[in-house]
Amino acid sequence: MSMPAFIWDLDGTLFDSYGVMVSSIVDTMNGFGVQLDYNKVHEFVIRYSVNKFFVEISKNTGINIDSIRASYNLISSNRVFDITLMNNARDALYALTLKRYRHFVYTHRGLSSNVLIDHFNMRHVFEEVVTSQNEFPRKPAPDALNYLISKYYLDRENTYYVGDRILDMESANNAGIKGILYLKPNGVGETTNLATYVVSDLMEIPNLSVFK
């Protein structure tokens, strides 16, 4: 049997970034004269995505979506280093790496993905980082996951996509691989029976019996 391989989501999984993302959305729309409730935006983004939020807010307000995205990108890029690592993210990655397991990234985040990975000195951990710049269909489409599986000859039975949203588990299911759902304590994430495992701390992953 081949060694386990992990494909990681970034936002809300390895990076504690929702606070920066949501505040950037709220400030972006304030600039267009639209007042938003922070908590409602936060719940929507976790359940769906930033992109879907922009689509909906553009439809509801008539504001050009490209203008919204441009403003958001400017605001959020100035806050990128306010993002922190999720609790125990580094320790979990290194514990699994010591067992010689393989690691990849698939995220909807764009160019800042590599900026953050380099900032946290984690480049050497990942064999490849797939971002929105690769222009694969968005989750829950399995295309990006299938690309990594095909390119690196990963065994679907022993490949895991780690994410914090139902959308991530749907992507894993559509690619025929296992899903590990990370639900941050006191967060607003939702569980699903599509997940093979559900954890509340990333260090639970290397301690799962299947990886010992």
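Each remark here, short or long, concerns the structure printed above.
Parameters and conventions
- Residues numbered from 1 in each chain as written.
- Predicted model: local features only at pLDDT ≥ 70, side-chain atom pairs only at ≥ 80, totals over all residues.
- Heavy atoms only, no water.
- Buried < 20%, exposed > 50% of the residue type's maximum accessible area, 1.4 Å probe, protein only.
- Helix = DSSP H or I, 4+ residues; strand = E, 2+ residues; numbered from the N terminus.
- Pairing = 2+ DSSP bridges.
- Phe/Tyr/Trp six-rings, centres within 6.5 Å; stacked < 30°, edge-to-face > 60°.
- Right-handed = clockwise from strand over helix to strand, strands pointing away.
- Salt bridge = Lys/Arg side-chain N within 4 Å of Asp/Glu carboxyl O.
- Arc of directions from axis to C-beta.
- Contact = heavy atoms within 4.5 Å.

A. Just the pairing of strand S1 (residues 5–8), in detail. Neither face of S1 is exposed, since Ala5 and Ile7 on one face and Phe6 and Trp8 on the opposite face are all buried. Inspection of the sheet shows S1 paired to strand S4 (residues 102–106) by four bridges, in the parallel sense. When the sheet's bridge partners are listed, Trp8 is paired in S4 with Val105.

B. Seen up close, the packing of aromatic side chains. For the coordinates displayed, the defined rule picks out 14 aromatic pairs. With 6.0 Å between their ring centres and 40° between their planes, Phe6 and Tyr101 make a pair best called tilted. Taken together, the positions of Phe6 in strand S1 and Tyr101 in the loop between helix H5 (89–98) and S4 put the pair 95 residues apart, joining distant regions of the chain. Owing to a relative accessible area of 11%, Tyr101 belongs among the buried residues under this scheme.

C. Fine view of the pairing of S4. Burial analysis of S4 places four of its five residues in the buried class, which makes it a mostly covered element. Bridging between S4 and strand S5 (residues 129–130) involves two bridges; their strand directions are parallel. Residue Tyr106 lies in a different strand from S5, and its bridge partner there is Val130. Taken together, S4, helix H6 (residues 112–119) and S5 constitute a β-α-β crossover, and its handedness is right-handed.

D. View of the pattern of salt bridges. Inspection of every chain in the model, using the stated rule, returns 13 salt bridges. Put simply, Asp27 and Arg79 hold a salt bridge, and the shortest N to O gap is 2.6 Å. Of this pair, Asp27 sits in helix H1 (residues 18–31) while Arg79 is found in the loop between helix H4 (65–77) and strand S3 (84–85), placing the two residues 52 residues apart along the sequence. Overall, Asp27 belongs to the partly exposed group, its relative accessible area being 32%. Residue Arg79 is classed as partly exposed on the basis of its relative accessible area, which comes to 22%. Salt-bridge contacts for Lys151 lead to Glu128; the nearest nitrogen and oxygen are separated by 3.0 Å. Pair noted here: Lys151 is in helix H7 (residues 143–151) and Glu128 is in the loop between H6 and S5, with a separation of 23 residues, a long-range link. Judged by its relative accessible area of 42%, Lys151 is partly exposed. With relative accessibility at 13%, the residue Glu128 sits in the buried group.

E. A look at H7. Three or more residues of H7 are buried, namely Ala144, Leu145, Leu148 and Ile149. Burial along H7 is one-sided: seen end-on, the buried residues are contained in an arc of 135°. Lining the buried residues of H7 we find S1, S4, S5, strand S6 (159–163) and helix H8 (166–175). Looking one or two residues beyond H7, the residue adopting positive phi is Tyr153, at roughly 50°.

Fair warning: the whole summary comes from geometry, so function is off the table for now.
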